[in-house]
Amino acid sequence: MLAPTESAIRASFVNTTQGESKRLALPHDLDARSWSDLDFLGWRDPAAPQRAYLVTETDGELVGVALRVAPQQTGRVRRSMCSLCLTTHTGDGVSLMTARKAGSGGRQGNSVGVYVCSDLACSLYLRGKKHAGPRMHETLTVAEKIDRTRATLTAFLRKVTE
């Protein structure tokens, strides 16, 4: 992924109003990110942990979505798998995140959900730069895993924009 500007990130959101995209909290470390290792920019709002954001390149354009993070159930230790990168986590490592649909569907209250790594670091898990514990053995190459993750993310974004 190429390093986007702050204004490009704010303009990329398909399921927020212009006012909402102007007010959302961007990460402070955009310049320090290793963009060549990222398939998407994902972050949680530090002031509102139930909010998350995801921005990626699709068909040569930036597409961003605002996500709502479902509350975690407490008291149960469970293993969950991220739908994007297929990394398994114990405990609160995977969250259900829902995106309000773009356009009239969103105005009618429709949304689409996906289970994602709670820290939105899927790209780093895929490349072995971050670890969540033992991984399932796969015969795919890292490049094939990246392609699979990008295809899954693109399919999710299509559901948001339909």
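Provided above is the structure to which this section pertains.
Throughout what follows, the structure given in this document is the object of discussion.

What counts as what
- For every chain, the first residue of the written sequence is number 1, and numbering continues from 1 onward in sequence order.
- Reporting in this predicted model follows two pLDDT cut-offs: at least 70 for local features of residues, and 80 or more for side-chain atom pairs to be given and counted; totals over whole chains, interfaces and linings ignore these cut-offs and use all residues.
- The side-chain numbers reported here are obtained from all heavy atoms of the structure, hydrogens and water having been left aside.
- Think of a 1 Å grid over just the protein atoms. A cavity is a set of points where a 1.4 Å probe fits yet cannot get out, a pocket is an open set with protein on both sides within 12 Å along at least five of seven lines, and lining residues have an atom within 4 Å of a point.
- Grid points are joined across faces, edges and corners, and a volume is the space filled by probe spheres set on the points.
- Side-chain rings of Phe, Tyr and Trp (the six-membered ring for Trp) are treated as a pair once their centres are within 6.5 Å; stacked means planes under 30 degrees apart, edge-to-face means over 60, and tilted covers the remaining angles.
- The helix and strand labels rest on DSSP assignments: H or I over at least four residues marks a helix, E over at least two residues marks a strand, and numbering proceeds from the N terminus.
- Partly exposed residues are those whose accessible area sits between 20% and 50% of the maximum for their type, while under 20% is buried and over 50% is exposed, using a 1.4 Å probe and protein chains only.
- Two residues qualify as a contact provided that any one of their heavy atoms is within 4.5 Å of a heavy atom in the partner residue.
- Nine residue types can take part in a nonpolar core, namely buried Ala, Val, Leu, Ile, Met, Phe, Trp, Tyr and Cys, and a core is a set of them joined through side-chain atoms within 4.5 Å.
- Any two strands with at least two DSSP bridges between them are considered paired.
- Think of each axis as a best-fit line through the C-alpha atoms, taken over the contacting stretch in the case of a helix, with angles from 0 to 180 degrees between the N-to-C directions.
- For salt bridges, the criterion is a side-chain nitrogen of Lys or Arg within 4 Å of an Asp or Glu carboxyl oxygen.

Thoughts on empty space enclosed by the protein
Then, in step 1: Taken as a whole, this structure holds one cavity of 30 Å³ or more when the rule is applied.
Then, in step 2: Taken as a whole, the largest cavity holds about 40 Å³ of empty space.
Then, in step 3: Along its surface, the largest cavity is lined by Leu86, Thr87, Thr88, Arg135, Met136 and Glu138.

As for the packing of aromatic side chains
Then, in step 1: Throughout the structure, instances matching the rule amount to two aromatic pairs.
Then, in step 2: Between Phe13 and Tyr53 the ring centres are 5.9 Å apart and the planes differ by 90°, which places this aromatic pair in the edge-to-face class. Pair noted here: Phe13 is in the loop between α1 (6–11) and α2 (18–23) and Tyr53 is in strand β2 (residues 48–58), with a separation of 40 residues, a long-range link.
Then, in step 3: In this structure Phe13 comes out as buried when scored by relative accessible area, which is 9%.
Then, in step 4: Taking the relative accessible area as the measure of exposure, Tyr53 reaches 5% and is therefore buried.
Then, in step 5: Between Trp43 and Tyr53 the ring centres are 5.2 Å apart and the planes differ by 35°, which places this aromatic pair in the tilted class. Of this pair, Trp43 sits in strand β1 (residues 41–45) while Tyr53 sits in strand β2, and the two are 10 residues apart along the sequence.

A look at the side chain of His89
Then, in step 1: Looking at where His89 falls in the secondary structure, it is placed in strand β5 (residues 88–90).
Then, in step 2: Among all residues touching His89, those that are not within four sequence positions of it are Arg78, Arg79, Ser80, Val94, Cys117, Tyr125 and Ala132.

Looking at the nonpolar core
Then, in step 1: One finds Leu67, Cys82, Val116, Cys122 and Phe156 to be the most contacted residues of the largest nonpolar core, which totals 27 residues.
Then, in step 2: At the level of elements, β2, β3 (61–69), β6 (94–100), β7 (111–117), α4 (122–126) and α5 (142–161) are the ones that each hand at least two residues to this core.
Then, in step 3: Among the elements that line this core, the one with the most residues is α5, at five residues.
Then, in step 4: Dropping the residues within four chain positions of it, Cys122 is found in contact with Phe40, Cys82, Leu84, Cys85, Val116 and Cys117.
Then, in step 5: Met1, Leu24, Leu26 and Val55 belong to the second largest nonpolar core, which has 13 residues in total.

Re the sheet that holds β1
Then, in step 1: The antiparallel open sheet is built from five strands, whose spatial order is β1-β2-β3-β6-β7. The sheet terminates laterally at β1 and β7, the two strands that pair on one side only. Pairs of neighbouring strands in the sheet enclose a mean axial angle of 30°, with direction left out of account.
Then, in step 2: Bridging between β1 and β2 involves five bridges; their strand directions are antiparallel. By the bridge assignment for β2, Gly42 is matched with Leu54.

A short note on the pattern of salt bridges
Then, in step 1: Enumeration according to the criterion identifies 10 salt bridges in this entry.
Then, in step 2: Here Arg127 and Asp39 are joined by a salt bridge, their closest N and O atoms 2.9 Å apart. One end of the pair, Arg127, is in the loop between α4 and α5; the other, Asp39, is in the loop between α2 and β1, and 88 residues separate them in sequence.
Then, in step 3: Judged by relative accessible area, which is 6%, Asp39 ranks as buried.
Then, in step 4: The salt bridge partner of Arg150 is Asp39, with a shortest N-O separation of 2.9 Å. Placement of the pair is Arg150 in helix α5 and Asp39 in the loop between α2 and β1, with a sequence separation of 111 residues.
Then, in step 5: Within this structure, Asp39, Arg127 and Arg150 form a network of salt bridges that share partners.

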